[in-house]
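Listed below, chain by chain, are the residues.
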Amino acid sequence: MRVRVGNKYKDYKSVWFENNIIKLIDQTKLPFKFEIVSIKNYSQLYSAIKKMVVRGAPAIGIAAAYGIAQAKNQNKNLKKVADYLKSARPTAHDLFYGIEYVISKIEEGFSGTDAAEEYALKIIAECKRIGMHGEKLIKNKYRILTHCNAGALATVDYGTALSPIRFAHYNGKKIFVYVDETRPQLQGARLTSWELYQEGIEHAVIADNAAGYFMQNKQIDIVIVGADRIAKNGDFANKIGTFEKAVIAYQYKIPFYVAAPTSTFDTKIKSGAEIVIEERNGTEISMISGKRIIPQNIKVCNPAFDITPAKYVTGYITEKGVIGWKELMR
Ligand code: MRU
């Protein structure tokens, strides 16, 4: 991903592995500070995933893959490390997939480092192909709605939902992106907007509850979102607020696409009803920039994800191409 440093652009990944240290772009500090965090052991990694220093399904999967490699190089008990890292966040399938992928490669005789590097390259290549397939859905002058951040920050490079948008822009299409701010953690306002700015892609940040207004007023041509877990029947979990966007898009016959690599598909579960939804700390709702915004002693509910039933999805943009949910179930 292109990052402007001073007057120059530098190519960055959001997660990488260097001399047995996991390096993360600190996503809690963006867009105001561009800081790299060094993770030296699995308990630091657990805390970075939990506090969302690294976030987005594919990115936490890759960070955890490096965590297993690091633990192997430090002669730690891999089962214990794997169980601990898996408990950091419950919803994204990639966290579990990335850990299991590296462990199975180690069992086959690969070094942990080689296995984790191979895993990261595989996901990055898949995200690139998602971009190349998905960009064909975006016509010149399209106005695109996206939710949360499913960009390079969330996937290490390219992104899932943002990858087709990036490629449409690289191919010279004139596009405009409406970015939901994505309360309570503001991944859209803080992170997607930052990524689009780095690429010079025209966009506007809108309040979460404004998306329906723009769809109703024929200002959105296509919706593209990422996913944290996709069940066998095509139901999927994504950032809270995705479901209502899908229902409104369906109402106004606006194509609604979900972009995700294989690592996000959980073929072990039949439907979205089996996906565990993470409940996060209420202070994410009750406080803004360290300041309390609701009266004391008021209950707060903070589910981090919701489930969108497959019937609302026009298609899934994967590294293999764009497929409809009926094909997905075959
Ligand atoms: O809580 P987050 O920020 O990790 O949630 C991220 C999302 O919901 C993304 O849309 C999803 O992980 C897809 S990222 C390519």
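As a starting point, this report considers the structure included with it. (Residues numbered from 1 in each chain as written. Predicted model: local features only at pLDDT ≥ 70, side-chain atom pairs only at ≥ 80, totals over all residues. Heavy atoms only, no water.)

**Some details on the site of the ligand**
The full set close to the ligand counts 19 residues, and R55, R89, D228, N238 and K239 are the nearest of them. The backbone of A57 places a nitrogen or oxygen atom 2.9 Å from an oxygen atom of the ligand. One of the side-chain nitrogen or oxygen atoms of R89 is found 2.8 Å away from an oxygen atom of the ligand. Considered on its own, the ligand offers 420 Å² of accessible surface; in the complex 100% of this is hidden by protein. The class makeup of the residues in the shell around the ligand is eight nonpolar, seven polar and four charged. (Near = heavy atom within 4 Å. Polar contact = N/O pair within 3.5 Å; in protein donor to acceptor, adjacent residues only side chain to side chain. Areas by Shrake-Rupley, 256 points an atom, 1.4 Å probe, with all protein chains shown as cover. Nonpolar A, V, L, I, M, F, W, Y, C, P; charged D, E, K, R; others polar.)

**Concerning the packing of helix α2 (residues 57–73) against helix α4 (residues 93–107)**
Viewed as axis vectors pointing N to C, α2 and α4 meet at an angle of 35 degrees, and their least axial separation amounts to 7 Å. In this structure, α2 crosses over α4, and the sense of that crossing is right-handed. Taking contact as the criterion, the partners of A57, P58, I60, G61, A64, A65, I68 and K72 in α2 are, on α4, D94, L95, G98, I99, V102, I103 and I106. For the contact of α2 with α4, a count of residues per class yields eleven nonpolar, two polar and two charged. (Axes fitted to C-alpha atoms, helices over the stretch in contact; angles between N-to-C directions. Helix = DSSP H or I, 4+ residues; strand = E, 2+ residues; numbered from the N terminus. Left-handed = near helix turned anticlockwise from the far one by under 90°. Contact = heavy atoms within 4.5 Å.)

**Thoughts on the packing of aromatic side chains**
Each aromatic ring pair is characterised by the separation of its centres together with the angle its planes make. Under the counting rule described, the total for this entry stands at 17 aromatic pairs. Judged by centre distance (4.9 Å) and plane angle (70 degrees), the ring pair of Y12 and F34 falls under edge-to-face. One end of the pair, Y12, is in the loop between β2 (8–11) and β3 (15–18); the other, F34, is in the loop between β4 (21–25) and β5 (36–39), and 22 residues separate them in sequence. Ring pairing ties together the aromatic residues Y12, W16, F34 and W194, which thus form one cluster. Over the ring of Y9 we find R2, and its NZ or CZ is 3.8 Å from the ring centre. (Phe/Tyr/Trp six-rings, centres within 6.5 Å; stacked < 30°, edge-to-face > 60°. Lys NZ or Arg CZ within 6 Å of the ring centre and 35° of its normal.)

**Points about unusual backbone geometry**
The omega torsion across L30 and P31 is 5 degrees, close enough to zero to call that bond cis. Take P31: it is sitting in the loop between β4 and β5. Residue P184 is bonded to the preceding R183 through a cis peptide linkage, with omega at 0 degrees. If you trace the backbone, P184 turns up in the loop between β7 (176–180) and α8 (187–199). Phi is positive for N19, which is not a glycine, with a value near 50 degrees. With respect to the secondary-structure elements, N19 resides in the loop between β3 and β4. Phi at V156 takes a positive value of approximately 85 degrees, unusual for a residue other than glycine. Tracing the backbone shows V156 in the loop between α6 (152–155) and α7 (162–170).

**Let's talk about the side chain of S263**
Looking at the element boundaries, S263 is found in the loop between β12 (256–259) and β13 (265–266). On the basis of relative accessibility, which here comes to 0%, the residue S263 falls in the buried class. A polar atom in the side chain of S263 sits 2.7 Å from the side chain of D94. With residues near it in sequence (within four places) discarded, S263 still touches H93, D94, Y97, Y119 and I123. (Buried < 20%, exposed > 50% of the residue type's maximum accessible area, 1.4 Å probe, protein only.)

**A closer look at the side chain of N238**
For N238, the position within the fold is in strand β11 (residues 236–239). A distance of 3.0 Å separates a polar atom in the side chain of N238 from a polar atom in the side chain of T242. Discounting residues that sit within four places of it in the chain, N238 has contacts with V225, G226, A227, D228, A304, F305 and D306.

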